[in-house]
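# A closer look at the structure
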Amino acid sequence: MELSSSDKERIQHQYDALAKKTLVGEAKSYRRTLAKRAAREITFSDLSESELAQLFTTDEYESDYYRFQVSGFDVLVKNELLAEALNALPERKRDIVLLSYFLDMSDAEIGELLSVVRTTVFRHRKSALAKIKQYLEGKADDEHREEI
């Protein structure tokens, strides 16, 4: 059975209508999917620092640190310039700075550990910080001169 030209045209129009409905439905479905995804997703720039920190990890190796031994404690310092400044200090002052700032010990605890009075700990720490500051400023001046 052969179809007449009007039947062929009618079938062609029916097919075109069905194809258009299908494409319109798929487009609506795709837009809905995009809207749902957009409601759940946020851009990296919208994340807080703490949320960003949860998304990655960095490898840290002991060789990346400078190790100081203080009264049986190992203190690791990552910053090379700070480690140099600490090495430039006399041992007692360096120990006081490390115990105070890296191990969060109070002056009284440090004094008891090193067998000195609290005020001595305070004076040593204050003068050590001044020497560290002077050392770091000197390095900054040296770097500035190298740039010129």
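The structure we're discussing is the one just above.
Anyway, here's the lowdown on the structure attached to this text.

## Some thoughts on the pairing of strand E2 (residues 73-77)
With 5 bridges connecting them, strand E1 (residues 66-70) and E2 associate as antiparallel partners. Counterpart to Tyr66 in the pairing with E2 is Val77. Remark: 2 residues form the turn of the hairpin made by E1 and E2, two consecutive strands paired antiparallel; Ser71 in that turn has positive phi of roughly 45°.

## Quick word on the side chain of Asp107
With respect to the helices and strands, Asp107 occurs in helix H5 (residues 107-114). We classify Asp107 as buried; its relative accessible area is 14%. A distance of 2.2 Å separates the side chain of Asp107 from the side chain of Arg125, its partner in a polar contact. Every residue in contact with Asp107, bar those within four places of it in the chain, is listed here: Arg118, Val121, Phe122 and Arg125.

## Some details on a nonpolar patch on the surface
A surface patch of nonpolar side chains, amounting to about 360 Å² of accessible area, comprises Met1, Leu3 and Ile11. Position of Leu3 among the secondary structure elements: in the segment before helix H1 (5-40).

## As for the nonpolar core
Side chains of nonpolar character tend, in soluble globular proteins, to be buried together. Residues Phe68, Val77, Leu86, Leu98 and Ile110 are the most contacted members of the largest nonpolar core, which totals 19 residues. Breaking this core down by element, the ones donating at least two residues are E1, E2, helix H3 (80-87), helix H4 (91-102), H5 and helix H6 (118-147). Here this core takes 4 residues from H4, the largest share from any one element. The residues contacting Leu86, other than those within four sequence positions of it, are Phe68, Val77, Arg94, Val97, Leu98 and Ile132.

## Notes on a positive patch on the surface
Judged by side-chain charge, Lys28, Arg31, Arg32, Lys36, Arg37 and Arg40 come together as a positively charged surface patch. Mapped onto the elements, Lys36 comes out in helix H1.

## A look at the environment of Gln14
With respect to the helices and strands, Gln14 occurs in helix H1. The sequence separation of Gln14 and Lys78 amounts to 64 residues, and the corresponding C-alpha distance is 74 Å.

## Description of the side chain of Arg94
Along the polypeptide, Arg94 turns up in helix H4. Here Arg94 is buried and forms no salt bridge, its nearest opposite-charge partner Asp95 lying at an N-O distance of 4.4 Å. A polar contact is formed between the side chain of Arg94 and the backbone oxygen of Leu89, at a distance of 3.4 Å. With near-sequence residues (within four places) excluded, Arg94 lies in contact with Phe68, Leu86, Asn87 and Leu89.

The rules behind each value
- Residues numbered from 1 in each chain as written.
- Predicted model: local features only at pLDDT ≥ 70, side-chain atom pairs only at ≥ 80, totals over all residues.
- Heavy atoms only, no water.
- Pairing = 2+ DSSP bridges.
- Helix = DSSP H or I, 4+ residues; strand = E, 2+ residues; numbered from the N terminus.
- Buried < 20%, exposed > 50% of the residue type's maximum accessible area, 1.4 Å probe, protein only.
- Polar contact = N/O pair within 3.5 Å; in protein donor to acceptor, adjacent residues only side chain to side chain.
- Contact = heavy atoms within 4.5 Å.
- Patch = residues over 30% accessible without salt bridge, like charges linked within 9 Å, V, L, I, M, F, W, Y side chains within 5 Å.
- Areas by Shrake-Rupley, 256 points an atom, 1.4 Å probe, with all protein chains shown as cover.
- Salt bridge = Lys/Arg side-chain N within 4 Å of Asp/Glu carboxyl O.
- Core = buried A, V, L, I, M, F, W, Y, C linked by side-chain atoms within 4.5 Å.
- Lys, Arg positive; Asp, Glu negative; His and termini not counted.
- Charge placed at Lys NZ, Arg CZ, Asp CG, Glu CD.

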